[in-house]
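# Coordinate analysis (summary)
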Amino acid sequence: MATAPTSRFITAGTGDPTQPRAKGPRLSAHLPRVILYALLTLFCIYYLLPLYVMVANSLKPLSEITAGGMMALPDAWTLAPWQSAWSTAQIGVEATGLRPYFINSLVMVIPAVAISTILGALNGYVLTKWHFRGATLIFGLLLFGCFIPFQMVLIPMARMLGLMGLSGTVPGLIFVHLVYGIGFSTLYFRNYYAAFPTELVRAAQIDGAGFFRIFWRILLPSSGPIAVVCIIWQFTNIWNDFLFGASFADFDSQPMTVALNNLVNSSTGVKEYNVHFAGALMAAAPTLLVYIVAGRFFVRGLMAGSVKG
Amino acid sequence: MGFLDIKQATKSYGAVKVLHETDISVEEGEFLVLVGPSGCGKSTLLNMIAGLEDVTSGDIAIKGRSMLGVKPADRNIAMVFQSYALYPNMTVRGNISFGMEMHGLAKPEREKKIEAVAELLQITQLLDRKPGQLSGGQRQRVAMGRALTRDPDVFLFDEPLSNLDAKLRVDMRTEIKKLHHKLGTTIVYVTHDQIEALTLSTRIAVMYGGHVQQLGTPKEVYDNPANMFVAGFMGSPSMNLFPAKVAQANGAPAAEVTLRNGETALLPFAGGSMAGHDGRDIILGIRPEAITDRDGADRNSNAVHMIEATVELTEPAGSDTFVVTHMGGRDITGRFRADVQVEAGDRFPFAINMEKAVVFDPETEARVA
Ligand SMILES: Nc1ncnc2c1ncn2[C@@H]1O[C@H](COP(=O)(O)OP(=O)(O)O)[C@@H](O)[C@H]1O
Ligand SMILES: [Mg+2]
């Protein structure tokens, strides 16, 4: 991207591109670029191939797959595997499809992401703009929390959830993800707010705004980019989590990832690959959607020109 | 008791004392400027008045009421920051309105005040823009507008002009002074620029190293600096400070100064000051405008003495020519009229007005006479 203007500049310097004389040097000047794009296209295909296989196979009858046509487009297009994966497939002992678990995941991920992002923003605000004794220590501990391996907390967390009466429930899962998420969201917002001009906070104090008003009216409206980063990160992690879901959920509170695993493992008799592919795509869809939707709001430079200049 | 009283106020960060015991009493309607080099504690003191920093010890009172423990919003002050601190997400109107909204003013009332302030500062056409779409000077005006809506007891300014270019700075300086004349509100103004301090203030507090070095009117501070720091800091080009010795000339005390070639010259003190200090080492302080050519010298002074010295350098500056010579081992700058014919290397008679000379102790740097 960054080199594009340069090469155009060089082209312009060699003369009018419409003149035949200029053609020779232009072609050789473009050669590295052609190779670059060829390579990039190759990588692109390489990365998109699995997605193609999944989509293609989720739309054909099982017989076409077992006949050995993994790479081919469907002969007889069908949505039946999707319907089956969504509402009738066998998950563990019950034939409910993935729908209830998809809902579980949604019910888990939305509050977990929202609350951890808001708490992270508040933490970042307090840690950077309201200096208090021990602030550095607290931030250090939160940061440390980010890097504790999941496996280490499984047993203590199970005990905690038991004591709180949240074992095997969706709120229990929300709690676990909150605890893990706050470290990261605090890290994001603290670093973002550290660069936020403290004079704005002071001006607002003099204007008579209190702690929450300053947060709500001054800091939060300028936090768009970091909030998007934080939401994408938290959503992806929490939605895709398998370990906590498998450890702390009961059958009726399992998230999508665990249910998908059960779908793949619990099919008796023939493996319905087309249904598995459809289920896997359903599990992946929300994170994709978040990237596509939230990424559009990833607008930089909201703060440009607020101070100085 | 004044309008704004700073009583034995100090500020420490941990073990570091950044502001030592400070006493300043400001009368209503005064324009007090805190001036000093970077890091001397000016902003700290201003923030203490604003309530943005706690007072470590001592007291700050406005209208006789102690401000200890009073929130910034309840002190009836307004502040203009160096960076302007305009809220980036709000329009100019929103910025000006925010403080009034926080103080519970009704919308029609707010609108009326915004119109009035915008008119006063000529920013009416900018009201619906965001701060990011304004130039430095315009942002400066908006920041002042935001402060003006408060009808505060005290205006606080922290280096409000230092982000502007030179020309605009001079214009805005004039505007701030006009505004003060018009409104008559008490102002405390922080700057590191001594010219701003001299032109704007009714009184100046010169600060250095967390101490107020001198508190006085611009004239007092300029003509009668309390110590060598103030003498050197205030005025541009700064005061010539050079070593001399107290000696006798025709029975009267005089300063004996060494010239470039080892010759000495005697400068009798005006009004017989420094009597009885024979042989004492001193630092003599003379402002450039008191060292000039014969015809440029002050005709009302009867203490003008001529010294023949070699010109080292001339610096034409349009209205004046600064002429550098050598005394007491230092470069000494004199201010000559622009049409005086003088060149580097010339032997030239310098007219020195000893009425304007001040004397410091070389050890303590304090004023002696
Ligand atoms: N939060 C702080 N912690 C420690 N030292 C500080 C803090 N704020 C300011 N200081 C120190 O106090 C001194 C005065 O600062 P300040 O009032 O900002 O100076 P200035 O006169 O340039 O406005 C400086 O030496 C600065 O390093
Ligand atoms: Mg400062």
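Residues numbered from 1 in each chain as written. Chains lettered and ligands numbered in written order. Predicted model: local features only at pLDDT ≥ 70, side-chain atom pairs only at ≥ 80, totals over all residues. Heavy atoms only, no water.

Worth spelling out the cut-off: UniProt positions are given in the numbering used here, feature names are shortened, and annotations may be inferred rather than shown by experiment.
Named according to an unreviewed UniProt entry, chain B is Carbohydrate ABC transporter ATP-binding protein, CUT1 family originating from Citreimonas salinaria. We quote the UniProt Sequence similarities (unreviewed entry) comment for chain B here in full: "Belongs to the ABC transporter superfamily."

Going by the annotation in an unreviewed UniProt entry, the name recorded for chain A is Carbohydrate ABC transporter membrane protein 2, CUT1 family, with Citreimonas salinaria given as the source organism. What UniProt states about chain A under its Sequence similarities (unreviewed entry) heading is, verbatim, "Belongs to the binding-protein-dependent transport system permease family." In its Subcellular location (unreviewed entry) section, the UniProt record describing chain A reads: "Cell membrane".

### Examining the packing of helix H10 (residues 211–219) of chain A against helix H2 (residues 92–102) of chain B
Packed helices, taken two at a time, are described by the angle their axes make and the gap between the axes. Counted only if it meets this: Angles run from 0 to 180 degrees between N-to-C directions of axes, and those axes are lines fitted to C-alpha atoms, restricted for helices to the stretch in contact. Numbering goes from the N terminus for both helices and strands, where a helix is a DSSP run of H or I of at least four residues and a strand is a run of E of at least two. If an angle is under 35 degrees, it is roughly parallel; if it is over 145, roughly antiparallel; if it lies from 65 to 115, roughly perpendicular; otherwise it is oblique. It is the rotation of the near helix from the far one that decides the hand of a crossing: anticlockwise by less than a right angle makes it left-handed, clockwise makes it right-handed. The criterion used for residue contact is that any of the two residues' heavy atoms lie within 4.5 Å. Asp, Glu, Lys and Arg are counted as charged, while Ala, Val, Leu, Ile, Met, Phe, Trp, Tyr, Cys and Pro are counted as nonpolar; the rest, among them Gly, fall into the polar class.
Running from N to C, H10(A) and H2(B) cross one another at 160 degrees; their axes reach a closest spacing of 13 Å. Between H10(A) and H2(B), the angle is such that the two are roughly antiparallel. Pair H10(A) / H2(B) crosses with right-handed handedness. Packed against H10(A), whose contacting residues are Arg213(A), Arg217(A) and Ile218(A), the element H2(B) presents Phe98(B), Glu101(B) and Met102(B) at the interface. Tallied by class, the residues present in the contact of H10(A) with H2(B) amount to three nonpolar, no polar and three charged.

### Here we look at the UniProt feature "domain: ABC transporter" (unreviewed entry) in chain B
UniProt feature "domain: ABC transporter" (unreviewed entry): in the numbering of this structure it lies at residues 4–234 of chain B. Secondary structure over residues 4–234 of chain B splits into 37% helix and 26% strand, and the C-alpha atoms at its two ends are 25 Å apart.

### What about the packing of aromatic side chains?
To be explicit about the condition: Pairing of aromatic side chains requires ring centres within 6.5 Å, counting the rings of Phe and Tyr and the six-membered ring of Trp. Pairs whose planes differ by under 30 degrees are stacked, by over 60 edge-to-face, and all others tilted. The rule is short: NZ of Lys or CZ of Arg within 6 Å of the ring centre and within 35 degrees of the ring normal puts a charge over the ring.
Under the criterion given, the structure shown has 28 aromatic pairs over all chains. Relative to Phe215(A), the ring of Tyr125(A) lies with its centre 5.2 Å away and its plane at 25 degrees, an arrangement referred to as stacked. Pair noted here: Tyr125(A) is in helix H5 (residues 99–129) and Phe215(A) is in helix H10, with a separation of 90 residues, a long-range link. Aromatic ring contacts, followed pair by pair, group Tyr125(A), Trp130(A), Phe211(A), Phe212(A) and Phe215(A) into a single cluster. Across from the ring centre of Phe139(A), 4.3 Å away, lies the NZ or CZ of Arg190(A), which sits over that ring. The ring centre of Tyr222(B) lies 3.8 Å from the NZ or CZ of Arg287(B), which sits over that ring.

### Overview of the domain arrangement of chain B
Residue and element names in this part refer to chain B. Threshold: Domain ranges listed in this record stem from an automatic or a database domain assignment. Summed over both partners, the accessible area (1.4 Å probe) lost when two parts come together is defined as the buried area. We define a salt bridge as a side-chain nitrogen of Lys or Arg found within 4 Å of a carboxyl oxygen belonging to Asp or Glu.
We note that the domain assignment places domain 1 (4–233) and domain 2 (240–360) within chain B. Averaged C-alpha coordinates put domain 1 and domain 2 at centres separated by 40 Å. Facing the eight residues of domain 1 at the interface are six residues of domain 2. Note on domain 1 versus domain 2: buried area summed over both sides is about 660 Å², and carbon and sulfur give 61% of it. The tally of links from domain 1 across to domain 2 stands at zero salt bridges.

### As for the UniProt feature "transmembrane region" (unreviewed entry) in chain A
All names here are of chain A. Those residues carrying the UniProt feature "transmembrane region" (unreviewed entry) are residues 34–55, 101–122, 134–154, 174–193, 214–235 and 275–299 in this numbering. Between the C-alpha atoms that bound residues 34–55 there is a distance of 30 Å. The span itself is 100% helix and 0% strand. Between the first and last C-alpha atoms of residues 174–193 the distance is 26 Å; the span itself is 100% helix and 0% strand.

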